[in-house]
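Below, each chain spelled out in residue letters.
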Amino acid sequence: LYRFLARCLPRTTNRLHVDELFLKMRGTFYYVWDALCADSRFVFLFFSRFRDAQSARQLLAQCPTTNEVISDGAFAYPRIIRERYGGQAKHHQCINFEDKKHNNAIERVQNDLRRFLHPRRGFHSLQTGGIQLIGWWIYKNYIKNNMAIGMTPAEKAGLIEPWRNQKTTKQKIAWLIKQATAVLWHLLTNRKCQQSLFSNFAYVFSNASSISLGIYV
């Protein structure tokens with residue numbers, strides 16, 4: 001389901017908020033790199049062992065084009081934002097305490113993520129953490145209505161049709177799975193797609209330790 005949904009992401013946004021969330025698991029710090037589209041409230045995640053430039057690069061690689069990027073004072077952002085957007089996007093860093101309010105939007109997302117993570121008391125490994133974060137990512141973007149916009153972020157971004165007949169979480173998830181299954185069935189029954197599909201499966205399984213979840217390294 002995640003691979004199906006991740007194939008269609010927002011392409012543009014007027015402002016992008018980026019930040020990192022620290023997680024401690026078995027005495028080791030891990031980092032959830034997150035980004036938020038200001039207009040649609042769509043969230044992007046990247047789960048990593050490191051707080052470095054490569055992790056920031058992986059996060060921004062999946063983010064849409066934008067005119068403005070707001071971040072904290074992490075050293076990795078200025079160079080990576082210039083690499084990703086060139087001179088197209090203005091970069092504002094919230095270094096001083098009085099500037100923190102400008103990044104409140106992503107802080108609220110992190111508060112939701114903390115409420116999701118706290119009962120779990122950490123993860124056993126990077127892999128299990130990635131799986132649960134994928135579930136949260138799907139729920140946050142496709143299932144739960146955002147109070148500020150009155151709909152799900154995916155609806156606001158135009159990625160899915162507005163929910164009408166599907167009222168409950170179970171109905172929405174079932175509909176998404178049905179759509180993903182229909183696409184997979186089309187690929188399996190289309191001869192032109194079979195060769196590329198099976199070669200992709202072989203690549204995925206041969207590199208499962210590094211790309212099986214898609215949001216972590």
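Cut-offs and rules
- Residues numbered from 1 in each chain as written.
- Predicted model: local features only at pLDDT ≥ 70, side-chain atom pairs only at ≥ 80, totals over all residues.
- Heavy atoms only, no water.
- Axes fitted to C-alpha atoms, helices over the stretch in contact; angles between N-to-C directions.
- Helix = DSSP H or I, 4+ residues; strand = E, 2+ residues; numbered from the N terminus.
- Parallel < 35°, antiparallel > 145°, perpendicular 65-115°, else oblique.
- Left-handed = near helix turned anticlockwise from the far one by under 90°.
- Contact = heavy atoms within 4.5 Å.
- Nonpolar A, V, L, I, M, F, W, Y, C, P; charged D, E, K, R; others polar.
- Pairing = 2+ DSSP bridges.
- Right-handed = clockwise from strand over helix to strand, strands pointing away.
- Patch = residues over 30% accessible without salt bridge, like charges linked within 9 Å, V, L, I, M, F, W, Y side chains within 5 Å.
- Areas by Shrake-Rupley, 256 points an atom, 1.4 Å probe, with all protein chains shown as cover.
- Salt bridge = Lys/Arg side-chain N within 4 Å of Asp/Glu carboxyl O.
- Buried < 20%, exposed > 50% of the residue type's maximum accessible area, 1.4 Å probe, protein only.
- Arc of directions from axis to C-beta.
- 1 Å grid on protein atoms, 1.4 Å probe; cavity = no way out; pocket = protein on both sides within 12 Å on 5 of 7 lines; lining within 4 Å.
- Points joined across faces, edges and corners; volume = space filled by probe spheres on them.

S.K.: So what's going on with the packing of helix H4 (residues 104-117) against helix H5 (residues 126-143)? Residues and values would help.
M.R.: Orientation of H4 relative to H5, taken along the N-to-C sense of each, is 130 degrees, at an axis distance of 11 Å. In terms of their interaxial angle, H4 and H5 are classed as oblique. Where H4 crosses over H5, the two elements pack in a sense that is right-handed. On H5, the residues that touch Val109, Asp112, Leu113, Phe116 and Leu117 of H4 are Gln132, Leu133, Trp136 and Lys140. Looking at the contact of H4 with H5 residue by residue, the class counts come to 6 nonpolar, 1 polar and 2 charged.

S.K.: I'd like a description of the pairing of strand E6 (residues 68-71), backed by residues and values.
M.R.: Sheet analysis places strand E2 (residues 16-25) next to E6, joined by 2 bridges and oriented parallel. If you follow Leu16 over to E6, its bridge partner there is Val69. Alignment of E6 against strand E7 (residues 90-93), held across 4 bridges, turns out to be parallel. Counterpart to Ser71 in the pairing with E7 is Gln93. A crossover links E6 with its parallel partner E7, the connecting element being helix H3 (residues 77-85), and its sense is right-handed.

S.K.: How would you summarise a nonpolar patch on the surface if you had to cite specific residues and measurements?
M.R.: On the surface, Leu1, Ile173 and Ile177 cluster together into a nonpolar patch covering about 220 Å² of accessible area. Within the fold, Ile173 resides in helix H7 (residues 169-189). Assessed through its relative accessible area of 34%, Ile173 is described here as partly exposed.

S.K.: Go over helix H2 (residues 53-61) with me, naming the residues and quoting the values.
M.R.: For H2, the set of buried residues is Ala53, Ser55, Ala56, Leu59 and Leu60. Summarising the axial view, the buried residues of H2 lie within an arc of 160 degrees, below the 170-degree limit, and thus occupy one face. In this fold, the buried residues of H2 make contact with E2, strand E3 (28-37), strand E4 (43-48) and H3.

S.K.: Account for the layout of surface pockets, naming residues and giving values.
M.R.: Roughly 320 Å³ of internal volume is contained in the second largest pocket. Contributing to the lining of the second largest pocket are 15 residues, with Arg108, Asp112, Lys140, Asn146 and Met147 lying nearest its centre. Ranked by residues supplied to the lining of the second largest pocket, first place goes to H4 with 6 residues.

S.K.: Describe the sheet that holds E6, naming the residues involved and giving the relevant values.
M.R.: Spatially, E4-E3-E2-E6-E7 is the arrangement adopted by the 5 strands of the open sheet, whose pairing is mixed. In the strand order of this sheet, the two ends are held by E4 and E7, each with one partner. Adjacent strand axes in the sheet meet at a mean angle of 20 degrees when their direction is disregarded. Bridging between E3 and E4 involves 6 bridges; their strand directions are antiparallel. The residue bridging Val32 from the neighbouring strand is Phe47, located in E4. Here H2 sits on the sheet and contacts E2, E3 and E4; the angle it forms with E4, its principal contact strand, is near 150 degrees. Seen against the sheet, H4 touches E2, E3 and E4 and runs at an angle of roughly 25 degrees to E2.

In short, the description is geometric, and any link to function would need to be established separately.
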